[in-house]
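Chain by chain, the residues:
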Amino acid sequence: MSANFVSRRNVLKSLGMGVVAGSVLQVIPLEAAEYAHHMIEVERADPRSGGYTPKFFSPQQYKTLQMLCEAILPEDADSGGAIEAGAPEFIDLLTSENPDYQLKLGGGLTWLHSTCLIRYGKEYLECAPQHQKAILDDIAYRKNELLDPTLSPGVAFFTFLRNLTADGFFTSKIGIEYLGYIGNTFVSDFPGCPPVPDV
Amino acid sequence: MSQLFPTPNIYDVCIIGSGAGGGTAAKVLTQGGLSVAMLEAGPPLNPGTDFKEHVWPYELPHRGADVGGKARSELNNEFMAPNGFWDIEGEPYTTAPGSTFRWFRSRIEGGRTNHWGRIALRFGPADFKARSRDGMGDDWPITYEEIAPYYDKVESYIGVFGSKENVPNSPDGIFLPPPRPRCTETLVKKACDTLNITCIPSRMAILTKALNGRPPCHYCAQCGRGCMTASNFSSSQVMLPVAQDTGRFTLIANAMAREILLGKDGKAEAVLYIDKATGSEKRIRAKAFVVAASACETARLLLNSRSSVFPDGLANGSGTVGRYLTDSVGSDLAGYFPQLEKVPAHNHDGVGGMHMYMPWWRTGRKNDFLRGYHIEFGGGRNLPSVGSFDGVCQREEGYGASLKQKCRKSYGTVIGFSGRGEMIPNEKSYCELDPSVTDKWGIPVLRFHWQWGDNEIHMAKHMQETFRSIVETAGGTVISRPKPHASLSNGISVGGAIIHELGTARMGNDPKTSVLNRNCQAHDVKNLFVADAAPFVTNPDKNPTLSIMALSWRTSEFLLEQAKKGEL
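Here's a quick rundown of the structure.

Observations concerning the interface of chain A and chain B
Accessible area lost upon the coming together of the parts is a frequently used measure of interface size. Facing 56 residues of chain A, the contacting portion of chain B comprises 61 residues. In this assembly, chain A packs against chain B so that about 5,100 Å² is buried in total across both faces, 58% of it on carbon and sulfur atoms. It is Asn184, Phe190 and Val199 of chain A in chain A that bury the most area against chain B; as a group they hold 16% of the surface buried on that side. The interface formed by chain A and chain B contains 32 residue pairs in polar contact (both at pLDDT 80 or more). Those elements that provide at least two residues to the side of chain A that touches chain B are α3 (59–72), α4 (87–97), α6 (129–139), α8 (152–170) and α9 (173–179) of chain A. Classifying every residue of the side of chain A that touches chain B by side-chain character gives 30 nonpolar, 14 polar and 12 charged.

Structural notes on empty space enclosed by the protein
All names here are of chain B. Summed over all chains, the structure comprises 5 cavities of 30 Å³ or more. Roughly 90 Å³ of internal volume is contained in the largest cavity. Along the wall of the largest cavity there are 16 residues; nearest its centre are Cys217, Cys220, Gln222, Cys223 and Cys227. When the residues that make up the lining of the largest cavity are grouped by side-chain class, the tally is 8 nonpolar, 7 polar and 1 charged.

What to know about the packing of aromatic side chains
Residues and elements named next belong to chain B. Tallied over the entire structure, the rule returns 35 aromatic pairs over all chains. With a centroid separation of 4.2 Å and 15° between ring planes, the pair formed by Phe101 and Phe448 is classed as stacked. One end of the pair, Phe101, is in the loop between β4 (94–95) and β5 (105–106); the other, Phe448, is in strand β16 (residues 444–449), with 347 residues separating them in the sequence. Like Phe101, the residue Phe448 is buried in the burial classification. With a centroid separation of 5.6 Å and an interplanar angle of 90°, the aromatic rings of Trp361 and Tyr373 are classed as edge-to-face. In this pair, Trp361 is assigned in the loop between β12 (356–357) and β13 (373–379) and Tyr373 in strand β13, connecting sequence segments 12 residues apart.

Side note on the environment of Ala268 of chain B
Residues and elements named next belong to chain B. The topology assignment puts Ala268 in strand β9 (residues 268–275). Ala268 sits in the buried class, given a relative accessible area of 5%. With 171 residues separating them in the primary sequence, Ala268 and Pro97 have C-alpha atoms 35 Å apart.

Thoughts on the packing of helix α5 (residues 99–120) of chain A against α6 of chain A
All names here are of chain A. Where α5 meets α6, the axes come as close as 12 Å, and the angle between the chain directions of the two elements is 125°. By the angle between their axes, α5 is oblique relative to α6. Two packed elements cross with a definite hand, and for α5 against α6 that hand is right-handed. Across from Trp111, Leu112, Thr115, Cys116, Arg119 and Tyr120 in α5, the residues of α6 making contact are His131, Ala134, Ile135, Asp138 and Ile139. Of the residues in the contact of α5 with α6, the class split is 7 nonpolar, 2 polar and 2 charged.

Some thoughts on the sheet that holds β4 of chain B
All names here are of chain B. Spatially, 3 strands are ordered β4-β16-β15 in an open sheet, and the strand pairing comes out mixed. Each having just a single partner strand, β4 and β15 (430–438) make up the two edges of the open sheet. Sheet topology places β4 next to β16; 2 bridges connect them, and they run parallel. Among the inter-strand pairings, Thr94 is bridged to a residue of β16, identified as Arg447. Helix α7 (residues 295–304) contacts β15 and β16 of the sheet and is inclined by roughly 60° relative to β15.

How each quantity is defined
- Residues numbered from 1 in each chain as written.
- Chains lettered and ligands numbered in written order.
- Predicted model: local features only at pLDDT ≥ 70, side-chain atom pairs only at ≥ 80, totals over all residues.
- Heavy atoms only, no water.
- Contact = heavy atoms within 4.5 Å.
- Buried area = accessible area lost by both parts, 1.4 Å probe.
- Polar contact = N/O pair within 3.5 Å; in protein donor to acceptor, adjacent residues only side chain to side chain.
- Helix = DSSP H or I, 4+ residues; strand = E, 2+ residues; numbered from the N terminus.
- Nonpolar A, V, L, I, M, F, W, Y, C, P; charged D, E, K, R; others polar.
- 1 Å grid on protein atoms, 1.4 Å probe; cavity = no way out; pocket = protein on both sides within 12 Å on 5 of 7 lines; lining within 4 Å.
- Points joined across faces, edges and corners; volume = space filled by probe spheres on them.
- Phe/Tyr/Trp six-rings, centres within 6.5 Å; stacked < 30°, edge-to-face > 60°.
- Buried < 20%, exposed > 50% of the residue type's maximum accessible area, 1.4 Å probe, protein only.
- Axes fitted to C-alpha atoms, helices over the stretch in contact; angles between N-to-C directions.
- Parallel < 35°, antiparallel > 145°, perpendicular 65-115°, else oblique.
- Left-handed = near helix turned anticlockwise from the far one by under 90°.
- Pairing = 2+ DSSP bridges.

What follows is the structure, given as structure tokens:
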């Protein structure tokens, strides 16, 4: 499937359009448009993409984004994780509309990509699990950039992504259930605080 | 319903603005028998389709963050009742070099009453006698005793919950029963009792019992989204429908007032306005005019209404239109309370806002600043929203299952405190017309000048110290919480950010130092009245909306009497 993503990207690239299709398809040659449409259909059918076509990120970047979101707030015994909560779609939507997010997140993913290539000779998704963990452990804490200033772009990226992932997860149905929020509904009487020690 | 130019109609009264002041005037004047046309710069409101009550964040693609995440940590988010803005495309305002000011405007039937916090506090007797009390600012030309009957009328009609407490200078009103406290509130109340800080049920314009055909609150905590059942107060749902019922009321929406025209007899004669739908200029005539466009927008309209008689703006012989601009002193702090981790899952929503608050508790005591402030607080197990977890992510860092658990553990454990205090007017805080900038309708815009005085800085410092002592006494830990729209480095809010701007066409007995007389009638133009917060002489530690309505009611009754006597 990933080969197909690349093919689609190559098709669009060869047409001089960058990566994202959208309405621009209207102006490309019919044959190429048909091919691109076909590839988007194939991609939509791919269960791993959840039927979602990224609005901003390239398929490869989006895959990485999904993995990072899930690493930040993973599925556990109590609930599903960030992917099931729709956090990557939410982040992609906001990013497609905001140049500042594009710089922070697009730039951050590029930083992660090249840092993994330098360190491990592979892009993030291809790295061994222990290498993925090592780089996340580096960029998940501000104190690390004090020791190694070259980590600063990664730390800034991850800090921002962590906030947005929390937004996406905790505003989802499963996230709200996970927290145990009860309300947003019609009640005829408000009972006040239940008995709680020290409160 | 909108009037074509030239119109044969001459209304008894034209009201400019449909918010708290304009709505109250519309009710009182139409029920008093006058015909009223109201200009509103925004569209009509349709609660059935415009309100997002009970919508879950995941039912919206942006989850409440709005396009590009722009509402993340801003007041206006996707859930809010329509058309309240910090910035309006094509309708800018400017700030003078060295000044920072934010101006929240509403362009919708009902104005900012669709969004307001519903906090409904009476001003106290001392608030009308500021200069007599401490030598600063000025006294009002009226007393508490004169306005008190109008507070009674407003509260009886709109419905305000609260409790009789006899707190000095925070008068009790006509109250519906208050709702029971939430866990966060019982916790803070205990600490306040220890510190001898008065903590009492709040006073909010939300029904806890059915009133005047409106059902009671259903406790979804979403007043700011607009209420389908009209169980809280908004002008659009509580004032304007009864005006409409008289058959003497015409709402002209999407009408941006440009100028009030003066007749040869020295009275106001017509309003020129832009019909936003067509961009064309129209004119509406009336025998009297009530300007209630919000304090700064009212000043703008008067300043833009220039004539040979009033070269500096209508009714501005004193030169004080736009002057004496104040906002509330604001300061915020948040605390983390570990004991709230033990609170079991339960419905914590309540009304849309606080069930308890702290009125100014140091009246008559020695302080290192003049006047006072009240404290609002809230937090706990609210409906999660974008930005809710920034704090815990910032504190805990990391990622994975442990981060997820820490988020859940911390959920509902934070309480935020906000002080709202009195600013004393100063010469460096005012608005005027920008000499070179107009909006997209060609109307000159306002330029703001702003500077807090030392008194306000000292007050904000005291707020911070008080919040800290409450948090620590309650067994919590102070945590900082970013509030990009409000906080300056010294902990005081940006001017205008509290959205209590007022004073720009103040009342007074001396026409040389005030715009309006004791009836909110222009000294210089007999048939011109102002009914928003522009007439206020002081900006006490009580949110202005209830007083806007009480004063508008009083002004409207005076106008009715004048009309009956044939004085208009």
